[in-house]
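Analysis of the macromolecular model
The lines below spell out each chain.
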Amino acid sequence: MAILEVKNLKAEFRLDTGVVRAVNDVSFQVEQGKTLAVVGESGSGKTATALSTLRLNPEPPCVYTGGEILFDGRDLLTMNDRELQGIRGRGIAMIFQDPMTSLNPVRTVGSQIVEAVARHEKLSRTDAKARAVQALREVGIANPEERARQYPHQFSGGMRQRVMIAMALACRPKVLIADEPTTALDVTVQAQIMELLDDLKHRFDMGIVLITHDLALVAEKADDVLVMYAGRPVEKATAQALFDEPKMPYTMLLLQSAPRADRPKGAALDPIPGSPPNLLALPPGCPFQPRCFLAKPECSSIVPPLEFKAPEHEAACILSPAELSAAAHSLTDREDALTAAAASTERQIS
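Conventions and cut-offs
Residues numbered from 1 in each chain as written. Predicted model: local features only at pLDDT ≥ 70, side-chain atom pairs only at ≥ 80, totals over all residues. Heavy atoms only, no water. Salt bridge = Lys/Arg side-chain N within 4 Å of Asp/Glu carboxyl O. Helix = DSSP H or I, 4+ residues; strand = E, 2+ residues; numbered from the N terminus. Buried < 20%, exposed > 50% of the residue type's maximum accessible area, 1.4 Å probe, protein only. Core = buried A, V, L, I, M, F, W, Y, C linked by side-chain atoms within 4.5 Å. Contact = heavy atoms within 4.5 Å. Pairing = 2+ DSSP bridges. Axes fitted to C-alpha atoms, helices over the stretch in contact; angles between N-to-C directions. Expected span 1.5 Å × (residues − 1). Phe/Tyr/Trp six-rings, centres within 6.5 Å; stacked < 30°, edge-to-face > 60°. Lys NZ or Arg CZ within 6 Å of the ring centre and 35° of its normal.

**A closer look at the pattern of salt bridges**
Under the definition given, this model contains 21 salt bridges. We note a salt bridge from Glu121 to Arg131, for which the minimum N-O separation is 3.0 Å. Residue Glu121 is located in the loop between α4 (109-120) and α5 (125-138), and its partner Arg131 is located in helix α5; the two are separated by ten residues in the primary sequence. For Glu121, a relative accessible area of 17% translates into the label buried. A relative accessible area of 22% places Arg131 in the partly exposed class. Glu138 is the salt-bridge partner of Arg172, the closest N and O atoms lying 2.7 Å from each other. Residue Arg172 is found in the loop between α7 (157-169) and β7 (175-179), and its partner Glu138 is found in helix α5; the two are separated by 34 residues along the sequence. On the basis of relative accessibility, which here comes to 15%, the residue Glu138 falls in the buried class. Sharing partners across several salt bridges, the network here consists of Glu195, Asp198, Lys201, Glu220, Lys221 and Asp223.

**Some details on the nonpolar core**
Core analysis: the largest hydrophobic core is formed by 39 residues, its most contacted members being Ile95, Ile113, Ile165, Leu176 and Leu197. Listed by contribution, the elements that provide at least two residues to this core are β6 (92-95), α4, α5, α7, β7, α8 (187-204) and β8 (207-211). Ranked by the residues each element gives to this core, the list is headed by α7, at seven residues. Not counting chain neighbours up to four residues away, the residues in contact with Leu197 comprise Ile95, Ile165, Leu176, Ala178, Pro181 and Ile208.

**Concerning the side chain of Thr251**
Assignment of secondary structure puts Thr251 in helix α11 (residues 249-257). Of the residues examined, Thr251 reaches a relative accessible area of 2% and is grouped as buried. Setting aside chain neighbours within four positions, we find Thr251 in contact with Val227, Glu235, Leu242 and Pro246.

**Some points on the sheet that holds strand β1 (residues 2-15)**
If you walk across this open sheet you meet the four strands as β2-β1-β4-β5, and the pairing is antiparallel. Across the chains shown, the open sheet's two edge strands, defined by having one partner strand only, are β2 (18-31) and β5 (74-75). Note: β1 against β2, ten bridges, orientation antiparallel. What sits directly across from Leu9, in β2, is Val26. Seen against the sheet, helix α1 (residues 46-53) touches β1, β2 and β4 (62-71) and runs at an angle of roughly 70 degrees to β2.

**A look at unusual backbone geometry**
In this chain, Glu59 is followed by Pro60 through a cis amide linkage whose omega measures -5 degrees. Looking at the secondary structure, you find Pro60 in the loop between α1 and β4. Pro60 connects to Pro61 through a cis peptide bond whose omega is 15 degrees. Along the polypeptide, Pro61 turns up in the loop between α1 and β4. Positive phi, normally seen in glycine, also occurs at Asp25, with a value near 65 degrees.

**Considering the environment of Ile165**
For Ile165, the location among the structural elements is in helix α7. Measuring from C-alpha to C-alpha, the distance between Ile165 and Leu136 comes to 8.7 Å, with 29 residues separating the pair along the chain. When residues no more than four places from it in sequence are discounted, the contact partners of Ile165 are Ile95, Val139, Ile193, Leu196, Leu197 and Leu200.

**What about α4?**
Quick reminder: α-helices carry 3.6 residues per turn. Residues three or four places apart thus point the same way. With twelve residues, α4 extends 18 Å between its outermost C-alpha atoms, agreeing within 8% with the 16 Å of an ideal straight helix rising 1.5 Å per residue. Buried residues dominate α4, accounting for nine of its twelve residues. Listed in full, the buried residues belonging to α4 are Val109, Gly110, Ser111, Gln112, Ile113, Val114, Ala116, Val117 and His120. Lining the buried residues of α4 we find α2 (81-87), α5, α6 (144-147) and α7.

**Observations regarding the packing of aromatic side chains**
In total, this model carries three aromatic pairs according to the counting rule given. Between the aromatic rings of Tyr229 and Phe288, the centroid separation amounts to 5.2 Å while the plane-to-plane angle is 85 degrees, which identifies the pairing as edge-to-face. Of this pair, Tyr229 sits in strand β9 (residues 224-229) while Phe288 sits in the loop between α11 and β11 (307-310), and the two are 59 residues apart along the sequence. Taking relative accessible area as the criterion, Tyr229 reaches 2% and is therefore assigned buried. Measuring from centroid to centroid gives 5.2 Å for Tyr250 and Phe288, while their planes differ by 65 degrees, and the two rings are edge-to-face. A residue pair is termed long-range when its members are at least 10 positions apart, and Tyr250 in helix α11 and Phe288 in the loop between α11 and β11 qualify at 38 residues. An identical accessibility class is assigned to Tyr250 and Phe288; each is buried. Lying over the aromatic face of Phe155, Arg147 brings its terminal NZ or CZ to 4.1 Å of the ring centre.

This is the structure:
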């Protein structure tokens, strides 16, 4: 069952230099106990979509020009500030990218969690402090009573991220939006944070929106995937279906550019050619057309909508499912051949 449903959301930033359509007709659902991953290159609109879901973009310059954000049957776009404050933190919580800049450096972490709890629940100061300590304990911080009295600079990067998770979960939200929760953390700590989020999701039966560049993380943790490009959704599917056979040329190249464990040491990566478009001056037609290896002349005049290419698998591309399947298999065969050739060369050299 969907807890959060975003329908055809449109948000634009009206700047002196022009209008940036950072969230352009985005739709998705978040189900209880499931993880939706939102992926794409930097500037594709992932964080703008997450902030728009909670209406955290400053208004102005941000203007919501269409769509719905339905949580428990209520549309957040029609709510006033007071009503929104009742949803933020308690109904939908968010973990931001950089915990050091999100935490107040001159206040103890415990007092900051207490403030988050007191904003939504009528608890005594003693009970609120007890809830803060319990939240720190739940995210695996040892000696939570003592640590609650410490300041952010006394925590490591991984521990600060745990504090942010504790703050987000203190009011038991139904949906957690995690915006690059493992950025700037070493590999071991990244794994610990993701295992923690996975455990908390099952323990509290939350829905999670995971914004990330890490496709390996998506393959391991996500149930569904939304791929974004130039502020638009370009592919939506279950994680299994997307990794088995992507239906959008951008997704194909995105997967091909990711590091692979079976590649020989020193093997070159395959970056996506070109650069993401300037949102102030999008090319006509499909935004990905200038970089697309399957582009046709009509791609420069048609903006393809998301449409079904396979059961529970949508993509924004004018090509037929058969053409897209052939392209996906061709890229996979080429990648396997290059990997095998590089491995053979490495064996000969050694």
